[in-house]
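Chain and residue survey
Here are the chains, one letter per residue:
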Amino acid sequence: MAASAIGGWVASALITKLVEKACSYAEDRYEYQRKDTKEKLRILEKNLSSIQTVVHIAERAHAKNTTMGSWLQRIKDAACQAEDVLDSFDYRVLQAQAEEKGKVNSVASYIDGSSSSSTTTITTASTITSSGSTVKQSVHIVKRFLFSDEDIDELISVVDKFVEIHTEMQTFLELVKLEDRRSEQAVQWRTTTSMPGSRKFFGRINEEKHLKKLLVRINEQSSQPYDVISVVGIAGVGKTALVQKVYNHYHTTATGHFDFTVWLHVSDKFNVERLTKEMANLIISVDLNSSSLDQAQRILADKLNGNMTLIVLDDVWNELSSQWENLCKPLQFAGKGSKVIVTTRSQNVANINGATEMMHLHGLEHEDYWGYFSQYAFGDANPSDFPQLENIGRQVVKKLAGSPLAAKTVGGALKLKLEENHWRAVCGSKLWQIEQKEDDIISALRLSYEHLPDYLKQCFVYFALFPKKYHLRGDVLIQMWRAHGFLNTQTPDEIAYRYINDLLQLSFIEKVANQDDCYVVHDLLHDFAESVSNGEHFRIEDDFHVCIPRNVRHLYVSASNISKVYMGLVEFKELKKNLRSLIICKAEEGASYEGIATSNFNHVLEHTLQELRGLRVLVLRNPDGILPDNMDHLEHLRYLNIHESRSFINVPKSLFNLHHLHGLDLQIHQGRIMKKKLQEGLSMLTQLRYLKAPKEIISGIELIGRLTSLEELEEYKVKSDMKHGICQLKELNELKGMLTIKNLQNVSSREESSEARLIKKENLNKLTLWWNHVKQSSTNTDHEGVFEGLRPNPNLRGLCVRGYMGIKSPSWLSCEYLSNIHSIELLFCNQWKTLPPFGSLPFLRILKISHLTTLEMIDAGFYGDAEVVFPSLEELLFEGMNQWKGWSSIGHSQQVFPRLRNICIKKCNQLMGPLPLPAFNQIKISVSDKINSCESENTADVNTSSSVQLSLDRLGLLFGSLKTSSLATVHMLDISSNYLEAFNKDQEEWLQQLTSVKELHFTDCPELTSLPYSMIHLTSLESLYIEKCPNLESLTQIALPLSLKKLSVIRCSKTFSQLCSGINTSNKNTIHQLIVREAIGNPTKRRRTS
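Residues numbered from 1 in each chain as written. Predicted model: local features only at pLDDT ≥ 70, side-chain atom pairs only at ≥ 80, totals over all residues. Heavy atoms only, no water.

**Examining the overall build of the chain**
Condition: A run of H or I in DSSP counts as a helix once it spans at least four residues, and a run of E counts as a strand once it spans at least two, with each numbered from the N terminus. Exposure classes here rest on a 1.4 Å probe applied to the protein chains alone. A residue is buried below 20% of its type maximum, exposed above 50%, and partly exposed in between. We get accessible surface area from the Shrake-Rupley algorithm with a probe of 1.4 Å; when it comes to residues, only the shown protein chains can shield them.
Counting secondary structure elements, the chain contains 33 helices and 34 strands. Counting over 1090 residues, the chain shows a buried share of 54%. When the accessible surface of the chain is summed, it comes to about 48,500 Å², and 48% of that surface belongs to carbon and sulfur atoms.

Rendered as structure tokens:
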């Protein structure tokens, strides 16, 4: 009960943070108008430190004691109040910092051509506690008047509360110790055996067949004599029952498949010595309890020697691989084909034990579940004798997600009285509201919850705020967790996603099918989260007439019920200071409620928010909702989401006073005035790290350099003025993902471009540098110097350069600086004449060079001087190279393109072959003069084989592209041309050299009148595919090679199609598969003019 009384709250984590903050504000860096302020802060720090020790013990005493619950609730209320007080102190400092910066920048804005503005540094308690870095020395703000009398009064109030709690801590500590001793008693009801229960087994037919199939299969590829099969699922889903049924099939039958069968119940006490001895006792029938672990393992290994063994380890929690490996040592001597079945609630456990097969068990199907449920709900009675109860019962089972243990719990409650009123009462109750014993579903789920690390408990319980089956995006979830302090402010998203992944692995949440980064809670675990929350996470949905609990801290409400929130605030003062999350969703269409007009909604919303001064999270999903003009009082707000609101026509100026805001999700559609105001004001929100808004807004934010915590900046448009200069990127070192810097023609020198300090942005994944061409480039612009100053961090994976106006490459575009680069694109760089040594980049996989219109020669410098050139390159794309005439060959001592899979050359009209390509095992050539863009055209089979796809757009380049020695490696040729009429003599001779070609395609060749005669010499040709070639009219079978097995003719003339249809397919030496379809009328001959 204690755990549920504090709503999944981890007290020790918050108190640790409060101790650090109180210590910070008690230092000499701050002065206060009231002399006793620092003394109060020191008292608070001292009492918090003392209480912290007791609370840390209490959190691990899994007690069912209402007294303990009330004590912890008092501590939580006081701690939250203390957090608000110290958070207000932080806000005052941030507010003063913003005002000081505003003064500095108002002066700087008059300085024309200034590349950067002076900045003012200030230290906050959050800076100290979150980063752990050395306290900054310069505080250029008048310290004395930061904190108001109201702040100090709040501090004194919370100190008095903790003094009172501290005086009673000794009594509480004795209670905690008593309950802690009780919790150490063994939980006997969890012990399982191989004996099945007396109840009838329902369903699981496919799972049973699959498990039996896995047990008899011999894994010849495994180096171990045994395989591990993990059966994974949430508590009560029926893992043990399924394995019992299959185990007994092999334990009791005389098939003799296994020489030994062993069932061990493991539980959360993974004791290798105990389990080894139990295993040995069952196999040898000798008591080894007095033996050492080493003796027991050796005796067991001797007995297992070459014998097929089936071992079931039921209810495994251990995640230490060393313990698992130690337990499995004797199994190395078992016979090949031995099996170990592990049942577990955690996929982490399954991964640790090296499972070769993993079965994820879900709830029982509909009728199977109804049959199972009926056993417990009706007992020996016949459900058909109680039609009304059966109807109610079928409504009940829809809520239980097919869980057998939930059926036992709820069915047992229903069986007490086979009366309609009783059944309706149970049906209207939530699962956790039904009276339960310690072997029922909630207790089983609680066991999983108690095994969660402390930091995950409050993250999981937060799901109780949302309706069942609610899809939550991972990035949004992380912002909410961070807003409430479940995550450290400075915790990177990569670490935060580990929290999500841990909950996934432990089966607490599931990924939503076919949606990226979207998660949902299992229905039963959602019920459990509500039980742990104990009213602190509450929902008021459509047609849901309830009273808001006084202890609620997080509220989800339908827009139509916003007035109920306001009435609750009027009735209960606790709500005003306690509420920390407010999610307002759009009412469901067709819901039975009294609608609320848009004007009334916004009026009530304004008055409601006016009362809520402690909000950390505000989500407004009502399309007609707008924020009130006055939001200054929401000083604690961390995350604001108005993404789905459409009615905003203006921006509240007070929005930019929310100095604690670290996450902001704005709506998609913005008016011109609103866009301008957002760009002018967003830089005041200096704590922002998560900003979702239209690209055109974010790219033009004034003084964006203030947002030093910002993590994503998809695009930034450089202007000549200081507010939008490239210097604004200088301190944005937390940026990750992709960054596009546009309008680089507005940067004039290397000194100016180096102000961006891209080399410091180690989390960037892809960088695009974009120059916009102007009619007359500024004569004082040093393009090559600007490019040199934009040197990125070596961690960069992708680089795109567009519109660069210089001639030479920067020095950093080489393996010494970009050793981790995977992808490079050079686009529309019209003056660039010499390519850098890309061949030396060890991990470069994709290289695209497009519209370098003055480049005439790719020389040997392109390859670099490594022994293996382009060692990782898979795709090489050239396009629009109008002046490109030659491509130098590689040196004889160098190996080139060992991993190349696709090379595409389009619109390079002056390039002639042969291309300097090495000898590949297989080449697939596609030539088409119809495709305008050069994109990757490789298919799945090309990617998974050693074939290389060569894509061209000119027949002239086709016949000269490969060296004669390489023609024998061509395995597929696909020709699509608007101009090809027939093969000339040289082309026929070229075709004859394709001695290994297996597939030949003529696709969409409207002028083609005859197939090449040299096809008869293609002795490896197996498939000929002809589509949309309307002028083909004749075909003699003798012109086809005897190796041809498949002929496909699609959408060709009737005459040609009929000729092909008459080809003999009966002789085994001729075509075996003939496809002729969609014949079209014979075209009218077109007379060509000279």
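Once you've had a look at it, read on.
**Section: the environment of Trp887**
Keep this limit in mind: In this analysis, two residues are considered to be in contact whenever any of their non-hydrogen atoms come within 4.5 Å of each other.
As for its position among the elements, Trp887 is in strand E25 (residues 886–887). On the basis of relative accessibility, which here comes to 9%, the residue Trp887 falls in the buried class. Through-space distance from the C-alpha of Trp887 to that of Asp859 is 6.3 Å; in sequence the pair is 28 residues apart. Contact partners of Trp887, with chain neighbours within four places excluded, come to Met857, Ile858, Phe862, Tyr863, Leu876, Phe878, Phe897, Ile903, Leu915 and Pro916.

**Some remarks on helix H17 (residues 420–427)**
Where we set the bar: Here, the arc refers to the directions that run from the helix axis to the C-beta atoms.
Taken residue by residue, H17 has His422, Trp423, Val426 and Cys427 as its buried positions. Looking straight down H17, one finds its buried side chains confined to an arc of 135°; they lie on one side. On the buried face of H17, the contacting elements are helix H14 (366–378), helix H15 (387–397) and helix H16 (404–415).

**What to know about the packing of H14 against H16**
The test is simple: To define axes, lines are fitted to C-alpha atoms, for helices over the stretch in contact only, and angles between the resulting N-to-C directions are given on a 0 to 180 degree scale. Working rule for angles: under 35 degrees goes down as roughly parallel, over 145 as roughly antiparallel, 65 to 115 as roughly perpendicular, anything else as oblique. Take the far helix as your reference; a near helix turned counterclockwise from it by less than a right angle gives a left-handed crossing, and one turned clockwise gives a right-handed crossing.
Taken N-terminus to C-terminus, the directions of H14 and H16 make an angle of 40°; their axes are 7 Å apart at the nearest point. Considering their axes alone, H14 and H16 lie oblique with respect to each other. Note on packing geometry: the crossing formed by H14 with H16 is right-handed. Together, Tyr369, Tyr372, Phe373, Tyr376 and Ala377 of H14 and Pro404, Ala406, Ala407, Lys408, Val410, Gly411, Gly412, Leu414 and Lys415 of H16 make up the contact between the two elements.

**Let's talk about the nonpolar core**
Stated formally: Only buried residues count toward a nonpolar core. Its members are Ala, Val, Leu, Ile, Met, Phe, Trp, Tyr and Cys residues joined through side-chain atoms within 4.5 Å. As used throughout, domain bounds are those supplied by an automatic or database domain assignment.
Counting 154 residues, the largest nonpolar core has Phe870 and Trp887 as its most contacted members. Looking at which domains feed residues into this core, each of domain 5 (535–591 + 598–705) and domain 6 (919–930 + 946–1081) supplies at least three. If sequence neighbours within four positions are ignored, Phe870 has contacts with Phe838, Gly839, Leu844, Leu847, Phe862, Tyr863, Val896, Phe897 and Pro898. Tyr247, Leu310, Leu364 and Leu405 belong to the second largest nonpolar core, which has 92 residues in total.

**Points about the sheet that holds strand E8 (residues 518–521)**
Each strand in a sheet pairs with its neighbour through backbone hydrogen bonds, running either in the same direction (parallel) or in the opposite one (antiparallel). We count it as follows: Between any two strands, pairing holds if DSSP finds at least two bridges.
The three strands are arranged E6-E8-E7 in an open sheet whose pairing can be described as antiparallel. Of all strands in the sheet, those with a lone pairing partner are strand E6 (472–473) and strand E7 (509–511), marking the two edges. Relative to E8, E7 runs antiparallel, the two sharing three bridges. Paired with Ile509 across the strands is Val521, a residue of E8.

**Examining the sheet that holds strand E2 (residues 260–267)**
Read from one edge of the open sheet, five strands run E2-E3-E4-E1-E5, paired in parallel fashion. The sheet terminates laterally at E2 and strand E5 (357–360), the two strands that pair on one side only. Adjacent strand axes in the sheet meet at a mean angle of 15° when their direction is disregarded. As defined by bridge partners, strand E1 (residues 226–232) adjoins strand E4 (residues 338–344) across seven bridges and the pair is classed as parallel. Opposite Asp227, over in E4, you have Lys339 as the bridge partner. Against the sheet, helix H9 (residues 239–252) contacts E1, E2, strand E3 (309–316), E4 and E5, and its axis sits at roughly 160° relative to E2.

**Details of the pattern of salt bridges**
Stated precisely, the cut-off is as follows: A side-chain nitrogen of Lys or Arg and a carboxyl oxygen of Asp or Glu constitute a salt bridge if their distance falls within 4 Å.
Going through the model one piece at a time under the given rule, you end up with 43 salt bridges. A salt bridge links Glu420 to Arg424; the nearest nitrogen and oxygen atoms lie 2.9 Å apart. Taken together, the positions of Glu420 and Arg424, both in helix H17 and four residues apart, correspond to about one turn of that helix. Looking at Glu420, the relative accessible area reads 27%, which means it is partly exposed.

**Observations concerning the environment of Thr598**
Within the fold, Thr598 resides in helix H25 (residues 598–611). Using a relative accessible area of 35% as the deciding quantity, one classes Thr598 as partly exposed. Along the backbone, Thr598 and Ala559 are 39 residues apart, and their C-alpha atoms lie at a distance of 9.8 Å.

**Regarding the side chain of Ser88**
What counts here: What qualifies as a polar contact is a pair of N or O atoms within 3.5 Å, subject to a donor-acceptor requirement within protein and to the restriction that residues adjacent in sequence count only when both atoms come from side chains.
The residue Ser88 is located in helix H4 (residues 66–108) in this model. Here the side chain of Ser88 touches Glu635 through a polar contact of 2.6 Å, side chain to side chain. Here Ser88 is in contact with Asp151, Glu635 and His636, once residues within four sequence places are set aside.

**Overview of the pairing of strand E11 (residues 581–585)**
With five of its five residues buried, E11 lies for the most part within the structure. Both faces of E11 are covered, namely the face carrying Ser581, Ile583 and Cys585 and the face carrying Leu582 and Ile584. In this sheet, E11 lies alongside strand E10 (residues 554–558) in parallel orientation, the contact comprising five bridges. Looking at the pairing, Leu555 lines up with Leu582 of E11. Here E11 runs beside strand E12 (residues 617–620); their pairing, made up of four bridges, is parallel. Looking at E12, one finds that Ile584 is bridged to Leu620.

**Comments concerning the packing of helix H18 (residues 441–450) against helix H22 (residues 523–533)**
Our working rule: Three residue categories are used. Nonpolar comprises Ala, Val, Leu, Ile, Met, Phe, Trp, Tyr, Cys and Pro, charged comprises Asp, Glu, Lys and Arg, and polar comprises the others, including Gly.
Two elements in contact, H18 and H22, have axes separated by 10 Å at closest approach and are oriented at 80°. With respect to H22, the axis of H18 lies roughly perpendicular. Contacts between H18 and H22 pair Ile441, Ile442, Leu445, Arg446 and Tyr449 from the former with Leu524, Leu525, Phe528, Ser531 and Val532 from the latter. In terms of residue class, the contact of H18 with H22 is built from eight nonpolar, one polar and one charged.

**Re helix H33 (residues 1054–1061)**
The complete set of buried residues in H33 reads Phe1056, Ser1057 and Cys1060. Buried positions in H33, seen along its axis, are confined to an arc of 100° and lie on one side of it.

**A word on the pairing of strand E17 (residues 737–742)**
Here strand E16 (residues 715–717) runs beside E17; their pairing, made up of three bridges, is parallel. Note that in E17 the partner of Tyr716 across the bridge is Ile741. Where E17 and strand E18 (residues 764–770) come together, five bridges link them in parallel fashion. Each bridged residue has a counterpart across the sheet, and for Met738 the counterpart in E18 is Lys766.

**Some remarks on the packing of aromatic side chains**
Heads up, the rule is: The aromatic pairing rule takes the rings of Phe, Tyr and Trp, using the six-membered ring of Trp, and pairs them if the centres are within 6.5 Å, calling planes under 30 degrees apart stacked, those over 60 edge-to-face and the rest tilted.
Within the structure shown, the criterion is met by 35 aromatic pairs. Between Phe838 and Phe862, the ring centres sit 6.3 Å apart and the planes meet at 85°, which makes this aromatic pair edge-to-face. Highlighted residues: Phe838 in the loop between strand E20 (823–827) and strand E21 (846–850) and Phe862 in the loop between strand E22 (857–858) and strand E23 (868–869), separated in sequence by 24 residues. On the basis of an interplanar angle of 85° and a centroid distance of 4.9 Å, the ring pair of Phe959 and Trp990 is categorised as edge-to-face. With Phe959 in helix H31 (residues 955–961) and Trp990 in helix H32 (residues 985–992), the pair connects residues that are 31 residues apart, well separated along the chain. A residue is classified by how much of its surface remains accessible, and Trp990, at 6% relative accessible area, is buried.

**Concerning unusual backbone geometry**
Although it is not a glycine, Asp315 adopts a positive phi angle of roughly 65°. Structurally, Asp315 is set in strand E3. Here the phi dihedral of Phe897 falls at roughly 50°; this positive angle occurs in a residue that is not glycine. Along the polypeptide, Phe897 turns up in the loop between strand E26 (895–896) and strand E27 (902–906). Phe897 sits in the buried class, given a relative accessible area of 1%.

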